[in-house]
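Here is how the chains run, residue by residue.
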Amino acid sequence: MNYEIVHAGFDGLDLSYRTLLPSEALERFKSAKAEAIASNSSVALCVSDQEFTISGSGASGGYQFTVDTGPLGAIWFFKDGVRSDPWGCRVSIKSLPLALFGAAEMKQRCDEFLRRLGCQLNTTACRVSRVDYAFDIIIPDFELNPDLIVCHSKSTKTDYREMETNRAGETITGVRVGRMPGIQLGIYDKRRDAIAKKKSYWWDIWSQNTGYKIGTDTVIWRFEVRAGRKAIDSYFNNTTWEMIGNALGNLLANVCNRIRMVSPGSDTNRSRWPDNPIWSDIRNRLRTMPMDGSCALDQAEILNKLAKERREQLFNQLLGLEMSVAASMGHTEKTYDSFLAYLAMLRSQRIKSCREEFLAKLEAKRALWLARFS
């Protein structure tokens, strides 16, 4: 079988830290959250030259604060300094920085983020609660067949199908086996997923990895192996990063032993069918998977591209609202210029009537943009 792996790397990493916010940072978090609730929008905050945003909501598990450090960072969840529960924060690192920098560097960045907030850390202060590793593969003429996924009898298999007109009458775009926080396998059309979620940077990553430009019409299949908290706890005696960081590949290779993609065989028992060559390759690569990133894309260029795409989205929304207002007032193509003149006058009057409030909101939006894209 001919295939080409265009990306292999961590796609998700969740960590929990045995630390608490210091009193000064805690008070600033409380104030920012109150502001976010009042404005019904995330609020930018800068602590020790670290810019991030705080939302008005918390998270399950007793976390009062939700913090976002941007597209090249992570989502953080903090508790309100409850001393009886020393595990005061957890973090979910985003897929893009993991693809660019790898797990080891992102772990170091997370440690540094906490230290600059004033949190106390020690060598046993971090444990792993989830890990996802993905392979993006070009496989000519590949058709996903859930019947060729063999798993333990207690596993839960869920197919998600998308109806399309083709010679088979139906195209399967993905299959997911297992359930978190245990073990899970996902195989799906990553090209379709990236287009739907507007993650155009994946074409930059794939092209950088291969050394040639990959077009948006190229079908790329993602094979993603995941292990959650229960699986990690049952596989390792100690789940701290220092103890298991370099052994995560063995855990994921074990997942590939329990959930397999096979090639059809003559045996009536599917569990005795041979592994698909791609599956054997994936399992072998997991055993020696690197902890560092392998993509040399410039992060400033990535951020600029993301910012440009976001501005384009905002402009389209603005134009849509403008047309809706014009339509509600009965304007047509012939009178649209007069509507724009009226809109400019109305905007100017509104700003003059509440100038201080307007400037404060403008500055808040500017700070929010810088926290996300600078």
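Details of the structure are given in the entry above.
Values in this document were obtained by computation on a predicted structure and should not be read as measured data.

Participant: Summarise the pairing of strand 3 (residues 50-54); cite the residues concerned and give the values.
Facilitator: Most of strand 3 sits out of view: four of its five residues are buried. Bridge analysis of strand 2 (residues 43-47) against strand 3 gives five bridges, and the strand direction is antiparallel. Bridging from a neighbouring strand, L45 pairs with F52 of strand 3. The turn linking strand 2 back onto strand 3 is made up of two residues, and S48 within it adopts a positive phi angle of 55°. As defined by bridge partners, strand 3 adjoins strand 4 (residues 65-68) across two bridges and the pair is classed as antiparallel. When the bridges of strand 4 are listed, I54 appears paired with V67.

Participant: Lay out helix 11 (residues 355-373) in plain terms, naming residues and giving numbers.
Facilitator: Compared with an ideal rise of 1.5 Å per residue, which puts 19 residues at 27 Å, helix 11 spans 27 Å between its outermost C-alpha atoms and is within 8% of the ideal. Residues L368, A371 and F373 constitute the buried set of helix 11. Where helix 11 is buried, its residues meet strand 2, strand 3 and helix 9 (299-328).

Participant: Could you give an account of the packing of aromatic side chains, with specific residues and numbers?
Facilitator: Scanning the model with the defined rule gives 18 aromatic pairs in all. Pairwise contacts between aromatic rings join Y17, F29, F52, F65, W76, F78 and F113 into one cluster. The residue whose ring lies beneath R109 is F101, and the NZ or CZ to ring-centre distance is 4.0 Å. Here the basic side chain of R127 rests over the ring of W87, its NZ or CZ set 3.9 Å away from the ring centre.

Participant: Can you lay out the side chain of Q50 for me, pointing to particular residues and giving the numbers?
Facilitator: Of note, Q50 is situated in strand 3. Setting aside residues no more than four positions away along its own chain, Q50 makes contact with L45, E112, F113, R116 and L117.

Participant: A description of the layout of surface pockets should follow, citing residues and the corresponding values.
Facilitator: One number sums up the size of the largest pocket: a volume of about 1,300 Å³. If you trace the largest pocket, you find 32 residues lining it, with R310, L314, K365, W369 and R372 closest to the centre. Secondary structure elements with two or more residues in the lining of the largest pocket: helix 2 (95-117), helix 9, helix 10 (336-353) and helix 11. Per-element accounting of the lining of the largest pocket gives the leading share, nine residues, to helix 9. In terms of residue class, the lining of the largest pocket is made up of 16 nonpolar, three polar and 13 charged.

Participant: An account of the packing of helix 2 against helix 4 (residues 201-210) is requested, with residue identities and associated values reported.
Facilitator: The contact between helix 2 and helix 4 brings their axes to 12 Å, and the two run at 15°. Overall, the two elements helix 2 and helix 4 adopt an arrangement that is roughly parallel. The crossing of helix 2 and helix 4 is left-handed. Judged by residue contacts, S95, L96, A99 and L100 of helix 2 engage Y201, W202 and I205 from helix 4.

Rules of the game
Residues numbered from 1 in each chain as written. Predicted model: local features only at pLDDT ≥ 70, side-chain atom pairs only at ≥ 80, totals over all residues. Heavy atoms only, no water. Buried < 20%, exposed > 50% of the residue type's maximum accessible area, 1.4 Å probe, protein only. Helix = DSSP H or I, 4+ residues; strand = E, 2+ residues; numbered from the N terminus. Pairing = 2+ DSSP bridges. Expected span 1.5 Å × (residues − 1). Contact = heavy atoms within 4.5 Å. Phe/Tyr/Trp six-rings, centres within 6.5 Å; stacked < 30°, edge-to-face > 60°. Lys NZ or Arg CZ within 6 Å of the ring centre and 35° of its normal. 1 Å grid on protein atoms, 1.4 Å probe; cavity = no way out; pocket = protein on both sides within 12 Å on 5 of 7 lines; lining within 4 Å. Points joined across faces, edges and corners; volume = space filled by probe spheres on them. Nonpolar A, V, L, I, M, F, W, Y, C, P; charged D, E, K, R; others polar. Axes fitted to C-alpha atoms, helices over the stretch in contact; angles between N-to-C directions. Parallel < 35°, antiparallel > 145°, perpendicular 65-115°, else oblique. Left-handed = near helix turned anticlockwise from the far one by under 90°.

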